[in-house]
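Observations on the model geometry
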Amino acid sequence: MKRFLEALFGLVALTGLPYLIYLGVYYLRRPSGTPADTRPREPSVSIVLPTYNEAAIVESKLEEVVNLDYPMAKVELVVVDSSDDGTADLVETFFAGRDEPQLTLIREDERRGLAVALNEAYAAAANEVVIKTDCDSRIAPDAVRRAVANLADPEVTGVTGRNAEVIGNSEVERGYRDIQTMIQVLESHIDSTLIFHGPFSAFERDAIVPIDEDSIADDTELALKIRRNGGRVVFDPAIHYKEAAHSSFGKRREQKDRRAMGLLRLLWRQRDTLGRHGAYGRVVLPFNWWFMIVSPWLVAAGLALATIGSLALLGPFGLVTPAGIFAFTALGSRDALGPLQPIYSLFDTQISLFRASVALLRARADGDDETHDGTWTPDEELREVLQ
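Keep in mind it's a predicted model, so treat the numbers as computed, not measured. (Residues numbered from 1 in each chain as written. Predicted model: local features only at pLDDT ≥ 70, side-chain atom pairs only at ≥ 80, totals over all residues. Heavy atoms only, no water.)

1. Re the nonpolar core
Here is the rule we go by: By nonpolar core is meant a set of buried Ala, Val, Leu, Ile, Met, Phe, Trp, Tyr and Cys residues that side-chain atoms within 4.5 Å join together. Burial here depends on accessible area, computed with a 1.4 Å probe over protein chains only, as a share of the maximum for the residue type. Under 20% is buried, over 50% is exposed, and the range in between is partly exposed. Runs of E in the DSSP output that reach at least two residues are strands. Runs of H or I that reach at least four are helices, and both are numbered from the N terminus. Any pair of residues with heavy atoms lying within 4.5 Å of one another is described as a contacting pair.
Among the nonpolar cores identified, the biggest contains 34 residues, and V45, I47, L62, L77, I131, V144 and F200 are the most heavily contacted of them. Elements represented by at least two residues in this core include exactly β1 (45-51), α2 (58-66), β2 (75-81), α3 (87-95), β4 (129-132), α5 (143-151), β6 (156-167) and β8 (232-244). The element contributing the most residues to this core is α5, with 5 residues. Setting aside residues up to four positions removed in sequence, L77 forms contacts with I47, L49, L62, V65, F95, Q102, L103 and T104. Membership of the second largest hydrophobic core comes to 27 residues, among which are L186, A260, L263 and Y280.

Structure (structure tokens):
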């Protein structure tokens, strides 16, 4: 019994130690806001919008763009579309008779994946600053102004923002985003942040480089490659956007597992960045490797050890351990844990990362390229939430 408890507590301590160190650094430094030396400016801006079968929501997204608090005479909208539902025709109709912003519409004859479409759109973007946003998200009217103010700092080459409101009332997703905000603020003040968010990311055009054609973490990959090339990429919590997220357990699991898979693949492919590029490679990336690659396996091992050990020591009464884990998961997935909900949000993310790790290892062993698919399927449920 003593050895079992020592092993279990040792595993828990090992898992949690980097998080305790992070919290200590956070409360010692108490970072807030963006680390950039922001200044008002109005450079020309290209807004990149990839679309695929967005007929139900594209017009509302275009309305959002033309009503941004930014001079439309300095804005170019680059839409890259591979739809078969008339999305591109709706975009053309919307801009018929409008002098500004300028529209660049790229019609793709075949669907080749998001990363390929983005590379084409970034190459076509003509203005000083390039902003990428998604059709199924909403950005604040002042988001562009805040982004270009960050990019006025000569040391800052890219900036992303915060999911200030989770459309769809998912407490699990909201709890994780709050934790992620703390992490990204500290990372940005240390050097640069790792994760960039698809609903809103902004870059200096001259810093943009092609991303892997099979990427499923395209925004983060671009930011990481820019940092490798010497730029600084930061998170500004004052740049707000809204993104729909599933509340149902199964739907959220699928959404989060895909994101996790993309990030894990990216970290592995860019593993030579560890230890390089200043504090980014020595502090930020090692923490993310622990959080995304090491910690999920330790969490899974801890759950397995607790279950097996309790059954071995207590017999049938040991079933209380897996029952407790199941109850915690069931209540957390239903946003019913009250003050413990943020803990479940972190646990939920670790489970996604573990599942994604297993899926990638299986695919690698089987020589299966299915997990390398860069396309996506529009989610009708989330589009209904947006409407």
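2. Thoughts on the layout of surface pockets
Left-over empty space is what a probe sized like a water molecule reveals as it rolls over the atoms. To keep it simple, the criterion reads: Computed over the protein atoms alone on a 1 Å grid, cavities are sets of points where a 1.4 Å probe fits but cannot get out and pockets are open sets with protein on both sides within 12 Å along at least five of seven lines; a residue lines them when it has an atom within 4 Å of a point. Grid points are joined across faces, edges and corners, and a volume is the space filled by probe spheres set on the points. Under the scheme applied here, ten amino acids are nonpolar (Ala, Val, Leu, Ile, Met, Phe, Trp, Tyr, Cys and Pro), four are charged (Asp, Glu, Lys and Arg), and all others, including Gly, are polar.
Reported here for the second largest pocket is a volume of approximately 650 Å³. If you trace the second largest pocket, you find 21 residues lining it, with V12, T15, V299, I343 and F347 closest to the centre. Listed by contribution, the elements that provide at least two residues to the lining of the second largest pocket are α1 (2-29), α9 (279-314), α10 (320-333) and α11 (341-366). Across the lining of the second largest pocket, the residue classes tally to 15 nonpolar, 6 polar and no charged.

3. Looking at the pairing of strand β3 (residues 102-107)
Along a regular strand, successive side chains alternate from one face of the sheet to the other. Going by this rule: Note on pairing: DSSP must find at least two bridges between two strands before they are called paired. Here the term right-handed applies to a crossover when the path leading from its first strand over the helix to its second strand runs clockwise, the strands being oriented away from the viewer.
Where β2 and β3 come together, 6 bridges link them in parallel fashion. Residue V78 lies in a different strand from β3, and its bridge partner there is T104. Crossover β2 to β3 through α3 is right-handed.

4. Brief notes about the packing of aromatic side chains
For clarity, the threshold we go by: Classification of ring pairs rests on two measures: the distance between centres of Phe, Tyr or Trp rings, Trp counted by its six-membered ring, which must be within 6.5 Å, and the angle between planes, read as stacked under 30 degrees, edge-to-face over 60 and tilted in between.
Enumeration over the complete set of coordinates arrives at 11 aromatic pairs. Seen in terms of ring centroids, Y22 and F287 are 5.4 Å apart; in terms of plane orientation they differ by 25°. Their pairing is stacked. Of the two residues, Y22 sits in helix α1 while F287 sits in helix α9, which places them 265 residues apart along the sequence. Here Y22 matches F287 in class, with each residue buried. Aromatic pair F94 and F95: ring centres 5.4 Å apart, planes at 65°, arrangement edge-to-face. Just as F94 is buried, F95 falls in that class too. The rings of Y22, Y26, Y27, F287 and F291 are connected pair by pair, giving a single aromatic cluster.

5. Structural notes on α9
To keep things clear, this is the line we draw: Take the seven residues that end at a residue and the seven that start at it, fit an axis to each, and the angle between those axes is the bend at that residue.
Largest kink in α9: about 45°, centred on V294, with the proline P296 one to four residues after it. Two residues or fewer after α9 comes G315, characterised by a positive phi angle close to 65°.

6. Digging into the packing of α9 against α10
Put simply, the rule reads: Helix axes use the C-alpha atoms of the stretch in contact, all axes being lines fitted to C-alpha atoms, and the angles between their N-to-C directions lie in the range 0 to 180 degrees.
It is at 8 Å that the axes of α9 and α10 come closest, and there the two elements cross at 145°. Contacts between α9 and α10 pair L303, A306, T307 and S310 from the former with T321, P322 and I325 from the latter. Of the residues assigned to the contact of α9 with α10, the class counts are 4 nonpolar, 3 polar and no charged.

7. A look at empty space enclosed by the protein
What the rule picks out here adds up to 3 cavities of 30 Å³ or more. Estimates place the volume of the second largest cavity at around 50 Å³. If you go around the second largest cavity, the residues you meet are G161, R162, N163, R177, Q180, T181, Q184, H197, F235 and Y241. Listed by contribution, the elements that provide at least two residues to the lining of the second largest cavity are β6, α6 (171-190) and β8. Here the lining of the second largest cavity gets 4 residues from one element, more than from any other, and that element is α6. Among the residues forming the lining of the second largest cavity, the class breakdown is 2 nonpolar, 6 polar and 2 charged.

8. Overview of the UniProt feature "transmembrane region" (unreviewed entry) in the chain
Short version of the rule: UniProt positions are given in the numbering used here, feature names are shortened, and annotations may be inferred rather than shown by experiment.
Using the residue numbers shown here, the UniProt feature "transmembrane region" (unreviewed entry) corresponds to residues 7-28 and 289-314. Between the end C-alpha atoms of residues 289-314 the distance is 36 Å, and the span holds 100% helix and 0% strand.

9. Remarks on the side chain of R232
Relative to the assigned elements, R232 resides in strand β8. The contact partners of R232, leaving out residues within four places of it in the chain, are P35, E155, V156, T157, G158, S188, H189, D191, S192 and R227.

10. Digging into the pairing of β1
Across the 7 residues of β1, 7 count as buried, placing the element largely inside the fold. Here β1 shows no split at all, with V45, I47, L49 and T51 on one side and S46, V48 and P50 on the other all buried. For the segment spanning β1, α2 and β2, crossover handedness is right-handed. The pairing of β1 with β4 spans 4 bridges and is classified as parallel. When the bridges of β4 are listed, I47 appears paired with I131.

11. Quick word on the pattern of salt bridges
Our working rule: What counts as a salt bridge is simple: a side-chain nitrogen of Lys or Arg found within 4 Å of a carboxyl oxygen of Asp or Glu.
Summed over the entire model, instances satisfying the criterion amount to 26 salt bridges. R265 serves as the salt-bridge partner of D214, at 3.0 Å between the closest nitrogen and oxygen. Here D214 is found in the loop between β7 (201-204) and α7 (218-228), whereas its partner R265 is found in helix α8 (residues 249-269), with 51 residues between them in sequence. You'll find D214 and R265 in the same group, each marked buried. The partner of R228 in a salt bridge is D272, with the nearest N and O atoms 2.8 Å apart. Here R228 is found in helix α7, whereas its partner D272 is found in the loop between α8 and α9, with 44 residues between them in sequence. Look at the salt bridges and you will find they share partners, linking D212, D214, E221, K225, R265 and R269 into a network.

12. Examining α5
Most of α5 is tucked away: 7 of the 9 residues are buried. Regarding α5, the residues found buried are A143, V144, A147, V148, A149, N150 and L151.

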